[in-house]
Amino acid sequence: MRVVNWEPFRDMDDVFDRLFADAYRRLPRNAAEGKPSLDWAPPADVSETEGEYLIKAEIPEVRKEELSLTVQDGVLTLAGERRQEKREDGEKMHRVERQFGSFARRFALPEDVDDQAIRAECRDGVVIIHIPKHKVVQPQPRQIQVQ
C-alpha cells in the first residue's frame, strides 16, 4: 500500500485563483457612463493537434480591423477594443451585462512553434489563431570513428 502525505494547502492557490478570477469577471459596471468598471478579457480555448496549436477566443461585436495580434519574446498578444453602441435619445438602460472597452490576452508560446507562420481568422465572433509547430527531426544514431 502506498502512503501519500496529505497537504491541505497544496491546491489552495489554484482554488483562490479560480474564485477571484470569477469574481473579477462579475464585477459591476458603471452603467451611467456605459463603461465597465474594469478592463475585460475574452474567454479563450487553447488546444493542440499533431501539427499545430489552436487558440479560439470569443470576441463578438469586434471587427477584425479593431484586433491586433503580435508575437514578441515568445509571447502572443491578442488585443483590441469592443465599443459600446450609441444609445438613442430617451433610451433608458435598465441593465448592462456585456463588457466593453479595451482588452488584451497574452499567451506564452511553447518552444516548438514556428512564430513566423502564425495565422489568424475571424468567423462568427470567434478569432481562431493557428500556431504551427516546427518539424522536429529526431537525431539518428551514428557510428563515430576514433582517430
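Residue positions are counted from 1 within each chain, in the order its sequence is given. Local features in a predicted model are, by the rule used here, given only for residues with pLDDT of at least 70; side-chain atom pairs are given and counted only at 80 or more, and totals for whole chains, interfaces and linings are based on all residues. Computation of side-chain values covers all heavy atoms of the structure but excludes hydrogens and water.

(A) A look at the overall build of the protein. On a plain count of helices and strands, the protein comes out with one helix and seven strands. The helix count covers DSSP runs of H or I at least four residues long, the strand count covers runs of E at least two residues long, and both are numbered beginning at the N terminus. Start at the N end of the protein and walk to the C end: the helices and strands fall as α-β-β-β-β-β-β-β. Residue burial is assigned from relative accessible area. The probe radius is 1.4 Å, only protein chains are included, and a residue is buried under 20% of its type maximum, exposed over 50%, and partly exposed in between. A total of 147 residues make up the protein; the buried ones form 23% of that total. Contact definition: two residues touch when any of their heavy atoms are within 4.5 Å. When contacts within the protein are restricted to residue pairs at least 6 apart in sequence, long-range pairs at least 24 apart make up 51% of them. Looking at the protein as shown, the accessible area adds up to about 12,300 Å², and 49% of this sits on carbon and sulfur atoms. Calculation of accessible area relied on Shrake-Rupley with a 1.4 Å probe; when residues are assessed, cover is drawn exclusively from the protein chains displayed.

(B) Local environment of the sheet that holds strand β1 (residues 44-48). For two strands to count as paired, DSSP must find a minimum of two bridges between them. Ordered in space as β1-β2-β7-β6, the four strands form an open sheet in which the pairing is antiparallel. Two strands close off the open sheet at either side, each with one partner strand: β1 and β6 (119-123). In this sheet, neighbouring strand axes are inclined to one another by 15° on average, regardless of whether the strands run parallel or antiparallel. Pairing of β6 with strand β7 (residues 126-132) involves five bridges; the strand directions are antiparallel. Paired with C122 across the two strands is V127, which belongs to β7. Note on method: axes are straight lines fitted to C-alpha atoms, helices fitted across the in-contact stretch only, with angles between N-to-C directions ranging 0 to 180 degrees.

(C) Representation of the side chain of H130 in the model. Residue placement: H130 occurs in strand β7. The term polar contact refers here to a pair of N or O atoms within 3.5 Å; inside protein, the definition further demands a hydrogen-donor-capable atom paired with an acceptor-capable atom, and it admits residues adjacent in sequence only when both atoms are side-chain atoms. Here the side chain of H130 touches E52 through a polar contact of 3.2 Å, side chain to side chain. Not counting residues up to four positions away in its chain, the partners in contact with H130 are E52, Y53, L54, A117, I118, R119 and E121.

(D) Up close: the pattern of salt bridges. A side-chain nitrogen of Lys or Arg and a carboxyl oxygen of Asp or Glu constitute a salt bridge if their distance falls within 4 Å. Under the defined criterion, the tally for this structure stands at seven salt bridges. Its salt-bridge partner being E121, residue R119 comes within 3.8 Å of it at the nearest N-O pair. Judged by relative accessible area, R119 falls into the partly exposed class, the value being 47%.

(E) Representation of the packing of aromatic side chains. Any Phe, Tyr or Trp ring, taking Trp's six-membered ring, that has another such ring centre within 6.5 Å forms a pair; planes under 30 degrees apart are called stacked, those over 60 apart edge-to-face, and the others tilted. This structure, assessed with the given rule, holds zero aromatic pairs. Any Lys NZ or Arg CZ that is within 6 Å of a ring centre and within 35 degrees of that ring's normal is treated as a charge sitting over the ring. The lysine or arginine in question, K133, covers the ring of Y53, its NZ or CZ lying 4.9 Å from the ring centre.

(F) Up close: the nonpolar core. Residues belong to a common nonpolar core when they are buried Ala, Val, Leu, Ile, Met, Phe, Trp, Tyr or Cys residues joined through side-chain atoms within 4.5 Å. Counting residues in hydrophobic clusters, the biggest one holds 17 residues, and the most contacted among them are I59, L67, L76, F103, I129 and I131. The residues touching I131, leaving out its near neighbours within four places in the chain, are E52, Y53, I55, L109, V113 and I118.

(G) View of the pairing of strand β2 (residues 52-58). Of all seven residues in β2, five are buried; the element is thus mostly enclosed. As paired elements, β1 and β2 share five bridges and run antiparallel to each other. Looking at β2, one finds that V46 is bridged to I55. Counting the residues that bridge the hairpin from β1 to β2 gives three residues. Across seven bridges, the pairing between β2 and β7 is antiparallel. Each residue of the ladder has a partner; that of E58, found in β7, is V126.

Note that every value here comes from positions in space, so none of it alone points to a role or purpose.
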